[in-house]
Each structure stands twice: as C-alpha cells, then as structure tokens.
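For reference, the chains in residue letters:
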Amino acid sequence: MKKIIIILIGLILVVSCTKEEVNDIVTNNSSLEESQKLLSVVEINSYIEEQLKKDADLLWIKAPANVLWSAVIHGDGYLSIGYGKEGNFSYQKSLESNRTKEKILDILKSKEVLAKSNPITDQQEVLQYVEVKIANLETIVALQKTNDIRYLEPSSYANFLDLNNDGQAQKNFGCARNGRTVNPEDYRVTAPNSWIPWTFDIHNIPEAWQYSTGAGITVGIIDSGISDSQKFLGSDFNDGFSSGRSIQKLGTFDGSVVDDCGHGTAMSAAIAGPRNDDAMPVGVAYNCNLVSYRGTGDVLLESRKERRSVSKALVELADNPDVKIISMSIGWVWTVGNIKDAVKYAYSKGKMIVAAGGTSTTFTNWYAVIFPASMKETVAVTGIKENGKRCNICHDGKKIDFTVMMQRDNDADRTMPVLGYRSDVRNMVGGSSIATATTAGIAALVWATNPNMSREEVLEKMQRAGEYYPERNNRYGYGKIDVLKAVQ
C-alpha cells in the first residue's frame with residue numbers, strides 16, 4: 001500500500017513539473033514572438049525621441065535588437081556596420097579587423113539566405129565600414145554579440161522627421177531656387193560695383209580684406225552642388241577683383257555635380273562669390289579656390305545614398321592635399337557612423353571641418369547641436385540676430401564654437417544676401433547654414449595670411465578674435481569673430 005502511495009505522489013510531482021515546464025515554454029515562446037514583432041514607425045520614433053531627449057544622440061548598436069531590426073526593415077533592409085578599432089585609418093588593415101570582417105560575413109551567410117553569394121552592398125576599406133541588406137532578427141542579435149563592431153545602424157530609416165504629417169520626412173528641406181528682392185539697407189556698394197552684405201560689416205570682413213582675400217587657400221564644400229545657371233560660380237568665377245583662382249565641381253550623389261536644390265549654390269556663393277562690377281553680393285573669401293561636392297539632395301542626411309555620398313566626399317577631400325577647410329551646412333539629428341568615421345579621417349589629415357549647429361522649427365526648443373557639428377573634431381557654428389540672441393530657427397548649446405550675425409531683429413526674412421540660383425538673380429539665406437559658410441570663408445581669410453599655419457594655429461586666431469574670448473559662452477562658444485583682429 002505504501003509503495004502505491006509513493007508511486008502516486010511521484011506521478012503527481014512529475015505531472016506538476018511537466019505542466020510548469022510547458023508553461024515556461026509557452027511563456028518563452030510568447031516572449032520570443034513578441035521580440036520578433038515588427039515595430040511600427042510610431043513605436044520606433046517614440047524610442048528615438050526618448051533617446052535624443054535623454055542623451056542628445058542615438059547609438060543604434062545599444063538599442064534593443066527588435067527596435068534596431070524594425071528600423072532596418074522599414075529602411076528597406078539596409079544595415080551599416082562599422083568594425084575594427086576606432087580611428088584605425090590604414091589601408092593595410094590589422095589582422096584583427098580582417099578577422100572581424102570575416103566574422104560579419106560568416107554571420108550573414110549563416111543567417112541570411114540571400115546573402116550567401118555577395119552580402120555587401122557598399123563598403124569603404126579605409127573607414128572599416130560595410131553596408132549589407134538583411135531580413136532576419138537573428139542577424140542583428142548575432143552581430144550585437146560580436147566583438148570589435150563599433151556601430152550597427154539602419155542605413156535608410158528616414159521616417160523620423162514627419163514634417164509633412166504624412167509619415168514621410170519632408171523632401172527638399174532647405175532648398176530655394178527662386179530669387180529674392182534685397183532691401184537696400186541690407187547691403188552697401190564697394191569697388192568695382194560689388195555688393196557687401198550687411199552681415200560682413202558686423203564682423204569687420206571688409207576691413208580684413210586689406211590683409212587677406214583668401215588667395216592661395218582651397219575650401220572644400222559638401223552640399224547639393226552648384227547650379228549650372230550661375231556663371232559667377234562657373235565661367236566667371238575669375239571676374240573683377242577675383243582672379244588667378246580655380247573652381248572644381250565634383251559629385252558623389254546621383255552621378256551629378258549640378259545643384260537642383262539651390263542650397264549648395266547659396267553656400268558656395270557665401271564662401272567664394274567673386275568681387276566684380278555686376279552689382280552682385282560678394283563672398284567672404286573672394287579670392288579663394290573652391291572644390292564643390294554634390295553629396296546631398298538637400299540639407300538632411302536621412303537617406304543611405306546621401307550618407308554614403310557625404311562619407312565618400314569627406315574621404316576624397318581629406319586625401320586632397322590642396323584642401324585646408326571643409327564646409328558642411330548639412331546634418332542629421334543623430335550620429336551617422338560612416339560619416340563620423342569620415343570626419344575623423346579628414347581631421348586626421350589636418351583639415352578644418354566647419355559644420356552647421358542646426359536649423360529647424362521642429363527641434364529648436366529641445367534639441368541642441370546636430371550631427372556632425374556635435375563632434376569635437378568639427379567647428380560648430382550657429383546664427384544670431386542683431387540683438388545677440390539666436391536666430392528664429394537656429395540651434396545653440398555648449399558645443400557651439402562661433403556665431404555669425406545674419407538676421408535682422410524685426411524681420412526674420414532679412415538675412416544675408418548671396419548670389420542667386422541663376423546669374424541674373426540674388427538670394428537671401430539664413431540659419432546656421434549661412435553662418436557655417438561664412439565662417440568657412442573667414443577661416444580661409446585667416447589661413448591665407450600664412451598658408452604654413454596648422455589648423456590649430458588658425459583656430460586659435462579665430463578664437464582670440466571672438467567676442468567672449470578668453471571665456472566660452474555656454475550657448476554661443478567664442479561668439480562673433482572680429483575678422484580684422486583675426487587676420488592681424
């Protein structure tokens with residue numbers, strides 16, 4: 001009888017344990033199904049905004065696997081992978097980084113059916129970066145566990161800036177091809193019949209021309225290119241008091257060098273527009289050389305094509321021994337790995353990279369400085385009004401290095417006059433974009449006083465000429481530059 005009772009108790013325990021195991025399996029399977037759920041754009045954007053408000057940046061590699069995977073899938077499956085050691089910019093890669101790349105390829109070939117032949121859609125050896133196309137969550141999980149992977153990012157997730165309220169980011173942001181009427185109080189005429197923008201006098205730029213016009217210095221600009229309808233940034237680049245200089249138009253985006261947005265034309269004009277007798281606004285460094293890269297469609301770096309193009313342009317400008325300054329009036333709201341690597345690469349080559357602190361209506365109230373101006377390797381610039389406060393749509397913050405006065409107090413539309421998209425029109429442009437281009441031109445003026453100076457020596461002269469030097473303002477850095485003081 002006792003044996004029967006013991007056996008019955010044993011059976012009850014076995015059944016009980018089996019039920020608990022089944023419940024655990026069901027729970028685990030339910031959890032797994034939940035983790036494999038494709039999140040909506042709204043859910044992903046909620047995570048992004050939370051991270052930006054918390055850390056002022058977004059590191060996708062630290063995101064939950066299903067969040068990163070969902071963003072990749074919503075971005076057509078493209079994933080950017082940075083591998084190897086940070087800042088190892090050598091064409092002769094270490095054994096370790098080569099092994100890491102092989103591990104990545106092995107993971108892709110084991111987890112992705114379509115990756116068995118050639119999983120790589122783009123790569124840059126010098127930056128230790130590959131772009132691949134994936135479909136499976138397991139791939140993300142495996143990559144997040146792999147050592148020596150610096151970043152994992154959705155290459156083409158462009159649904160965050162819902163500026164049109166239609167689920168898509170606003171296109172052609174910052175673009176303007178129409179001419180503008182310039183208020184007569186916003187310029188003055190100088191020889192031979194050239195317009196000096198009102199903003200130049202605030203910074204003592206015309207006085208600085210007695211000492212430097214930027215001759216012999218080459219400025220690179222990465223933007224939307226240059227209009228083929230603007231002869232003063234083409235056949236008449238050497239005209240009037242501007243002579244003996246060169247302009248190059250290159251492209252890494254859409255196989256074209258021609259600006260169909262207008263933003264790149266305006267920024268190039270602010271830097272290097274000629275000083276001639278055609279009653280047109282002059283550029284800051286009207287005798288500098290210019291190398292223009294069409295690397296974007298507009299100012300937002302939201303697409304994989306733009307990110308890849310800007311990264312490539314940065315590498316090419318870094319490898320160009322003539323280029324000393326790189327102007328970037330473009331950006332994004334979080335760090336983009338392959339562009340970050342390219343900025344560091346250009347910095348390692350001694351280039352001064354001037355970047356826009358940010359221009360927006362959506363994030364001005366809570367977001368500080370955008371990427372890549374947020375990097376310590378860049379010189380971050382923003383725009384201010386006559387009263388010294390930031391412009392209506394400009395970002396500011398502790399990472400800003402300099403400011404440029406570019407907006408009237410009582411009229412936000414009265415900003416800085418520049419050459420228009422066509423040779424017969426003028427434009428007026430504001431925001432941190434024009435402030436950045438202006439500062440790149442100022443750097444060219446300073447560097448031209450002694451081309452043998454290092455980037456650090458030029459930057460120190462600019463800092464010493466800042467209105468807040470030797471202190472740094474918590475929102476505006478060294479503030480407005482007295483360019484006359486800087487070139488002396």
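For every chain, the first residue of its written sequence is number 1, and the numbers climb from 1 along that sequence. At least 70 in pLDDT is required for a residue's local features to be given in this predicted model, at least 80 for side-chain atom pairs to be given and counted, and no such filter applies to totals for whole chains, interfaces and linings, which use all residues. Hydrogens and waters are ignored; side-chain quantities use all the structure's heavy atoms.

Points about the layout of surface pockets
Logical step 1: In this analysis the probe radius is 1.4 Å and the grid spacing 1 Å, with only protein atoms considered; a cavity is a set of points the probe fits into but cannot get out of, a pocket is an open set with protein on both sides within 12 Å along at least five of seven lines, and lining residues have an atom within 4 Å of a point. Grid points are joined across faces, edges and corners, and a volume is the space filled by probe spheres set on the points. In this model, the largest pocket occupies a volume close to 750 Å³.
Logical step 2: Lining of the largest pocket is provided by 42 residues; of these, F173, G174, T359, I393 and G430 occupy positions nearest its centre.
Logical step 3: Looking at the lining of the largest pocket, the elements with two or more residues in it are α8 (263–272), β13 (402–407), β15 (426–429) and α11 (431–448).
Logical step 4: Partitioned by chemical class, the residues of the lining of the largest pocket number 21 nonpolar, 19 polar and two charged.
Logical step 5: Looking at the second largest pocket, its volume works out to about 360 Å³.
Logical step 6: Around the second largest pocket sit 21 residues that line it, and A56, D57, S374, M375 and K399 are the ones nearest its centre.
Logical step 7: Residues are grouped as follows: Ala, Val, Leu, Ile, Met, Phe, Trp, Tyr, Cys and Pro are nonpolar; Asp, Glu, Lys and Arg are charged; every other residue, Gly included, is polar. Residues of the lining of the second largest pocket, tallied by class, amount to ten nonpolar, three polar and eight charged. The numbering of helices and of strands both runs from the N terminus, where a helix is a DSSP run of H or I of at least 4 residues and a strand a run of E of at least 2.

Thoughts on the side chain of N276
Logical step 1: With respect to the helices and strands, the residue N276 is situated in the loop between α8 and β9 (289–294).
Logical step 2: Three exposure classes are used, based on accessible area relative to the maximum for each residue type with a 1.4 Å probe and protein chains only: buried under 20%, partly exposed in between, and exposed over 50%. Relative accessible area serves as the criterion here: at 1%, N276 is assigned to the buried category.
Logical step 3: Contacts are assigned to residue pairs that have any heavy atoms within 4.5 Å of one another. Apart from residues lying up to four places away in sequence, N276 is in contact with P192, N193, S194, F232, D239 and G240.

Structural notes on the side chain of R414
Logical step 1: Within the fold, R414 resides in the loop between β13 and β14 (416–419).
Logical step 2: Beyond its immediate sequence surroundings of up to four residues, R414 is in contact with N183, E185, D186, W198, M406, Q407, R408 and M428.

With respect to the sheet that holds strand β12 (residues 378–385)
Logical step 1: Here the rule is simple: two strands pair whenever DSSP picks up at least two bridges between them. Read across the sheet, seven strands follow the order β8-β9-β7-β10-β11-β12-β13 without closing on themselves; strand pairing throughout is parallel. Where the open sheet ends on each side, the last strands, each with one partner, are β8 (247–251) and β13. The mean angle between the axes of side-by-side strands here comes to 25°, regardless of whether they run parallel or antiparallel.
Logical step 2: Along the sheet, helix α12 (residues 455–464) makes contact with β11 (352–356), β12 and β13, crossing β11 at roughly 45°. The convention used is that axes are lines fitted to C-alpha atoms, helices contributing only their stretch in contact, and that angles between N-to-C directions extend from 0 to 180 degrees.

Notes on the pairing of strand β10 (residues 323–328)
Logical step 1: With five of six residues buried, β10 is to be regarded as a mostly interior element.
Logical step 2: Strand direction decides the pairing type here: strand β7 (residues 218–223) and β10, joined by four bridges, are parallel. Looking at the pairing, G220 lines up with I326 of β10.
Logical step 3: For β10 and β11, the ladder comprises four bridges, and the chain directions are parallel. Bridge pairing links I325 to M352 in β11.

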